[in-house]
Amino acid sequence: MSEIEWHETSEYQPSAGLVAAFCTENHLSPAHIPPTKQPLVFIERQALEALYDFLAHDLEREHGGVLVGQPYYDSQARRFFIVVQAAVPAQETEGSSIHLQFTPDTWDYIAGIIEENFPELVIVGWYHSHPALGVFMSGIDRATQRAFYNHPWSLAVVVDPIAQQTGWFTGPGCLILNERHVIPFESPDRSYASGKSRLGEEYWGQQVLHKLRWLLPFGLLTLCAALLWWYARRPLA
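Residues numbered from 1 in each chain as written. Predicted model: local features only at pLDDT ≥ 70, side-chain atom pairs only at ≥ 80, totals over all residues. Heavy atoms only, no water.

Explain the overall build of the chain here, please?
Scanning the chain for helices and strands turns up five helices and 12 strands. Every one of the 237 residues in the chain was classed for burial, and the buried ones make up 43%. In the chain, of all internal contacts separated by at least 6 residues, the share reaching a separation of at least 24 is 73%. Total accessible area on the chain stands at roughly 13,000 Å², and carbon and sulfur atoms take up 59% of it. (Helix = DSSP H or I, 4+ residues; strand = E, 2+ residues; numbered from the N terminus. Buried < 20%, exposed > 50% of the residue type's maximum accessible area, 1.4 Å probe, protein only. Contact = heavy atoms within 4.5 Å. Areas by Shrake-Rupley, 256 points an atom, 1.4 Å probe, with all protein chains shown as cover.)

See the structure below:
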């Protein structure tokens, strides 16, 4: 139910990495890693919480955004793993309770956020909400995934914020990821923590400006009405 207007980009290759080494560096137990060949997703808790908070702020229509991080391929385990470090909310979208469209202005906003706060990271997937509709990839969602997120490590996240359900999908075929393959973590490397803070501040700042844009004309009309009332009621000399 989501449409995306995409800017042409060059092919991106995942970096070499070891799941075991990542777990050691981030104090995760390798024993909890599922032994299957499905991709693994390690997502910062702050990014996951930001994703849920944004999708729950308006339950009247669909919202979404992109996942930013780094994909890796473990040649020893023969599997991909994706480290998600931020969930960038999409602004200036068009949508309804059953539809969401990323516009050129949406991509300008996303590109600005990534360039300023996460220049070393790449888009590894996208997310959007299905308020009261359940968790699934619609025909349009699947077409979007095939067209723009067609790497085996590309992610799609669908959240029903009313039912509080979440589904994770990967690759052009939108394969369902078992919840055991999605692992929240807290990185000891906080070099980009300030970037997350600025991201949150910018999002809420834009919400305030959006509301002020509508409140300003109303305030001016109220002021004019008050002045006219005062002028009409003033005592004559």
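That was the structure; now back to the text.
Is there a simple way to explain the environment of P152 in this structure?
Looking at the element boundaries, P152 is found in the loop between α4 (139-148) and β9 (155-160). Other than its neighbours up to four places away in sequence, P152 contacts P39, F80, T170 and G171.

Would you mind showing me how to read the packing of aromatic side chains here?
The description of an aromatic ring pair uses the distance of the two centres, along with the angle that the planes make with each other. As enumerated under the stated definition, the model contains eight aromatic pairs in all. An aromatic cluster is present here, built from F22, F42, Y72, F81 and F185 joined pairwise through their rings. (Phe/Tyr/Trp six-rings, centres within 6.5 Å; stacked < 30°, edge-to-face > 60°.)

Help me understand the environment of E62 in this model?
In this fold, E62 is placed in the loop between α2 (45-56) and β4 (64-74). The buried category is assigned to E62, whose relative accessible area is 0%. In this structure, the C-alpha to C-alpha distance between E62 and H128, residues 66 residues apart in sequence, is 6.8 Å.

Where do I start with helix α3 (residues 104-117) in this structure?
Because the α-helix completes a turn every 3.6 residues, residues three or four places apart line up on one side. The terminal C-alpha atoms of α3, which comprises 14 residues, lie 20 Å apart, in line with the 20 Å expected from a rise of 1.5 Å per residue. Of the positions making up α3, those classed as buried are T106, W107, Y109, I110, I113, I114 and N117. Viewed along the axis of α3, the buried residues span an arc of 160°, placing them on a single side of the element. Set apart from the buried face of α3 by more than 90 degrees, the exposed residues are D108 and E115. (Expected span 1.5 Å × (residues − 1). Arc of directions from axis to C-beta.)

Explain unusual backbone geometry here, please?
Even without being a glycine, E92 presents a positive backbone phi close to 60°. Counting through the fold element by element, E92 comes out in the loop between β5 (79-89) and β6 (94-96).

Where do I start with the pattern of salt bridges in this structure?
For side chains bearing opposite charge, pairing can occur when the charged atoms are close. According to the stated counting rule, one finds one salt bridge in the structure shown. Here R45 ties to E186 by a salt bridge, and the two come within 3.7 Å at their closest N and O atoms. Here R45, found in helix α2, pairs with E186, found in the loop between β12 (182-185) and α5 (193-233); they are 141 residues apart in sequence, far enough to count as distant. Residue E186 is classed as partly exposed on the basis of its relative accessible area of 48%. (Salt bridge = Lys/Arg side-chain N within 4 Å of Asp/Glu carboxyl O.)

Whenever I open this one, the pairing of strand β7 (residues 99-102) confuses me. Can you help?
On a regular strand, one side chain projects to one face of the sheet and the next to the other, so that they alternate. Both β6 and β7 contribute to a ladder of three bridges, which runs antiparallel. Bridge pairing links E94 to Q101 in β7. (Pairing = 2+ DSSP bridges.)

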